Amino acid sequence: MSKNWRPATQLVHGGTTRSNHGETSEAIFLTQGFVYDSSEAAEARFKGETDGFIYARYGSPTNDMFEQRMCMLEGAEDARATASGMAAVSAAILCQLKAGDHIVAARALFGSCRWVVETLAPKYGIECTLIDGRFLENWEKAVKPNTKVLFLESPTNPTLEVVDIAGVARIANAIGAKVVVDNVFATPLLQKPLELGAHIVVYSATKHIDGQGRCLGGIILSDKEWINEHLHDYFRHTGPALSPFNAWTLLKGIETLPLRVRQQSENAARVADFLAEQPEVARVIYPGRKDHPQADIIARQMKGGSTLVCFELKGGKEAAFALQNALDVVLISNNLGDSKSLITHPATTTHKNLSEEARAELGISPGTVRFSAGIEDSEDLIEDFARALKAIGA
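Quantities reported herein were computed from a predicted structural model and do not represent experimental measurements.

About the criteria used
- Residues numbered from 1 in each chain as written.
- Predicted model: local features only at pLDDT ≥ 70, side-chain atom pairs only at ≥ 80, totals over all residues.
- Heavy atoms only, no water.
- Helix = DSSP H or I, 4+ residues; strand = E, 2+ residues; numbered from the N terminus.
- Rg over C-alpha atoms; globule rule 2.2 N^0.38 Å.
- Buried < 20%, exposed > 50% of the residue type's maximum accessible area, 1.4 Å probe, protein only.
- Areas by Shrake-Rupley, 256 points an atom, 1.4 Å probe, with all protein chains shown as cover.
- Lys, Arg positive; Asp, Glu negative; His and termini not counted.
- Charge placed at Lys NZ, Arg CZ, Asp CG, Glu CD.
- Core = buried A, V, L, I, M, F, W, Y, C linked by side-chain atoms within 4.5 Å.
- Contact = heavy atoms within 4.5 Å.
- Pairing = 2+ DSSP bridges.
- Axes fitted to C-alpha atoms, helices over the stretch in contact; angles between N-to-C directions.
- Arc of directions from axis to C-beta.
- Right-handed = clockwise from strand over helix to strand, strands pointing away.
- Phe/Tyr/Trp six-rings, centres within 6.5 Å; stacked < 30°, edge-to-face > 60°.
- Salt bridge = Lys/Arg side-chain N within 4 Å of Asp/Glu carboxyl O.

So, on to the overall build of the chain. If you tally the helices and strands in the chain, you get 16 helices and 12 strands. Relative to the globule expectation of 21 Å for 394 residues, the C-alpha radius of gyration of the chain, 22 Å, shows essentially globular dimensions. Expressed along its principal axes, the backbone C-alpha trace of the chain runs to roughly 75 × 55 × 35 Å. A burial count over the chain gives 56% of its 394 residues as buried. A total of about 16,800 Å² of accessible surface is found on the chain, and carbon and sulfur atoms cover 50% of it. Separation of charge centres in the chain, based on 40 positive and 48 negative side chains, amounts to 1 Å.

Across soluble globular proteins, nonpolar side chains have a tendency to be buried as a group. Counting 27 residues, the largest nonpolar core has Ile93, Ile103, Phe151, Val202, Ile220 and Leu231 as the members making the most contacts within it. Secondary structure elements with two or more residues in this core: helix H4 (85-94), strand E2 (102-106), helix H5 (111-123), strand E4 (147-153), strand E6 (200-204) and helix H10 (224-238). Not counting the four nearest positions on each side in its chain, Ile103 is found in contact with Ile93, Leu97, Val117, Ala121, Ile126, Glu127, Cys128, Thr129 and Val149. Core analysis: the second largest hydrophobic core is formed by 26 residues, Phe66, Leu190, Ala205 and Ile209 among them.

One open sheet holds the seven strands; their spatial order is E1-E7-E6-E5-E4-E2-E3, and the pairing between them is mixed. Two strands in the sheet have a free side with no partner beyond their single neighbour: strand E1 (78-82) and strand E3 (127-131). When the angles between neighbouring strand axes are averaged without regard to direction, this sheet yields 20°. As paired strands, E4 and strand E5 (residues 178-182) are joined by five bridges and run parallel to one another. Each bridged residue has a counterpart across the sheet, and for Phe151 the counterpart in E5 is Val180.

This part is about helix H14 (residues 316-326). Taken residue by residue, H14 has Gly316, Ala319, Ala320, Leu323 and Gln324 as its buried positions. Buried residues in H14, looked at end-on, bunch into an arc of 130°, giving them a common side. Looking at H14, the residues exposed on the side facing more than 90 degrees away from the buried face are Glu318 and Asn325.

What follows concerns the pairing of E2. Of all the five residues making up E2, five are buried; the element is thus mostly covered by neighbouring parts of the structure. Side-chain alternation along E2 places His102, Val104 and Ala106 on one buried face and Ile103 and Ala105 on a second face that is also buried. Across five bridges, the pairing between E2 and E3 is parallel. Counterpart to Ala106 in the pairing with E3 is Ile131. Traced from E2 through H5 to E3, the parallel crossover comes out right-handed. Inspection of the sheet shows E2 paired to E4 by four bridges, in the parallel sense. Within the sheet, the bridge partner assigned to His102 lies in E4 and is Thr147.

On to the sheet that holds strand E11 (residues 342-344). Spatially, the five strands line up as an open sheet ordered E8-E9-E12-E11-E10, and their pairing is mixed. Each edge of the open sheet is held by one strand with a lone partner, namely strand E8 (281-285) and strand E10 (331-332). Summarising the sheet, strand E9 (residues 308-313) and strand E12 (residues 368-372) pair through five bridges and their orientation is antiparallel. Residue pairing for E12: Val309 is matched across the bridge by Phe371. Set on the sheet, helix H16 (residues 378-392) makes contact with E8, E9, E11 and E12; between it and E9 the angle comes to about 20°.

This brings us to the packing of aromatic side chains. In total, this model carries six aromatic pairs according to the counting rule given. On the numbers, 6.1 Å between centres and 80° between planes, the contact of Phe311 with Phe385 is edge-to-face. In this pair, Phe311 sits in strand E9 while Phe385 sits in helix H16, placing the two residues 74 residues apart along the sequence. Like Phe385, Phe311 is buried. Both rings, one in Phe371 and one in Phe385, keep their centres 5.1 Å apart while their planes meet at 90°; by these two values the pair is edge-to-face. One end of the pair, Phe371, is in strand E12; the other, Phe385, is in helix H16, and 14 residues separate them in sequence.

This paragraph deals with the pattern of salt bridges. Side chains carrying opposite charge are able to pair once their charged atoms draw close together. Per the stated rule, a full pass over the model turns up 18 salt bridges. Residue Lys252 is joined to Glu26 by a salt bridge in which the shortest nitrogen-to-oxygen separation is 2.9 Å. Of this pair, Lys252 sits in helix H11 (residues 244-254) while Glu26 is found in the loop between helix H1 (7-13) and helix H2 (39-47), placing the two residues 226 residues apart along the sequence. Classification of Lys252 by relative accessible area gives partly exposed; the value is 22%. Put simply, Glu127 and Lys144 hold a salt bridge, and the shortest N to O gap is 2.9 Å. Of this pair, Glu127 sits in strand E3 while Lys144 sits in the loop between helix H6 (136-142) and E4, placing them 17 residues apart in sequence.

Okay, here's the thing in structure tokens:
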């Protein structure tokens with residue numbers, strides 16, 4: 001198999017294995033267990049002396065194809081597919097920590113990710129320090145002798161802040177810690193954290209990788225040594241495995257990932273430019289715009305903007321609700337990365353469990369809205385927003 005394939009080819013052909021029937025589409029192996037030719041063969045497989053599958057909780061041929069394909073795209077040595085994005089985040093962080101260890105995390109995180117590091121981890125004796133991750137000096141000041149993990153997402157949810165991944169990786173390497181990056185908003189096509197020095201990358205495959213609103217899924221990617229030492233046993237014994245059916249669905253979704261992300265990013269950029277000119281809009285944040293506060297970092301570490309746009313309406317929550325309720329093409333949903341354009345009000349959905357003060361620290365005001373661009377015609381999207389903006393003053 002060629003290792004020089006470009007991403008669009010990798011995502012159609014990478015990691016494919018076929019049964020003796022020679023099927024074109026990948027097969028779904030909907031089985032819990034596997035049969036051995038003999039007792040001796042079973043013993044050898046459990047000892048790891050021979051290759052093969054043992055139990056679907058540990059792995060299956062369909063899951064293996066998805067993992068291999070993602071490894072090719074990400075440039076990772078190994079991966080484990082999980083039942084959801086949050087299963088991936090939780091496993092990637094907790095599998096390598098013990099009581100007395102310390103996490104430094106950027107405070108700008110998806111609500112559930114923040115709960116894992118801020119609420120769940122301390123229950124097991126793991127310390128956590130939340131910082132403004134935009135500035136490298138904050139990471140340097142926060143690390144301690146017991147710091148083991150530096151965790152971030154970039155661009156962030158929902159305000160599309162950007163963290164200098166290479167800079168954070170240098171800090172981690174100096175103290176022997178690991179950098180875990182949630183790369184959902186960038187997708188593996190627009191940003192490759194491992195190439196920038198990160199050690200572990202996680203995805204909610206529910207988002208762009210499926211990208212069609214059909215199933216949940218997640219994946220953790222890293223080098224073989226880290227996965228074997230930290231994740232392998234955790235994964236086998238705690239059971240966050242991905243369903244083979246969902247793995248197959250993700251394999252079908254990932255084939256069109258480059259086409260969708262290209263169209264979504266173009267649509268997001270056009271909508272961002274349109275919104276920036278509207279009097280009802282106080283500000284627009286989009287990584288592809290020159291007025292993004294961290295445009296210099298974006299130019300260094302990203303290959304494009306994003307499929308997401310964050311903007312703030314001058315009229316607060318009332319204006320945000322009026323806008324969303326008046327949209328026709330764009331649907332109200334807290335999901336993102338879908339082929340359908342989606343919009344949500346973070347203060348009352350994805351980040352509602354944060355205090356008002358915590359939301360203010362993150363730049364989430366009552367008027368903040370997050371838009372996830374789909375693959376529709378951009379003119380229809382702009383016309384939809386133009387009509388909806390009129391509803392704010394109606």
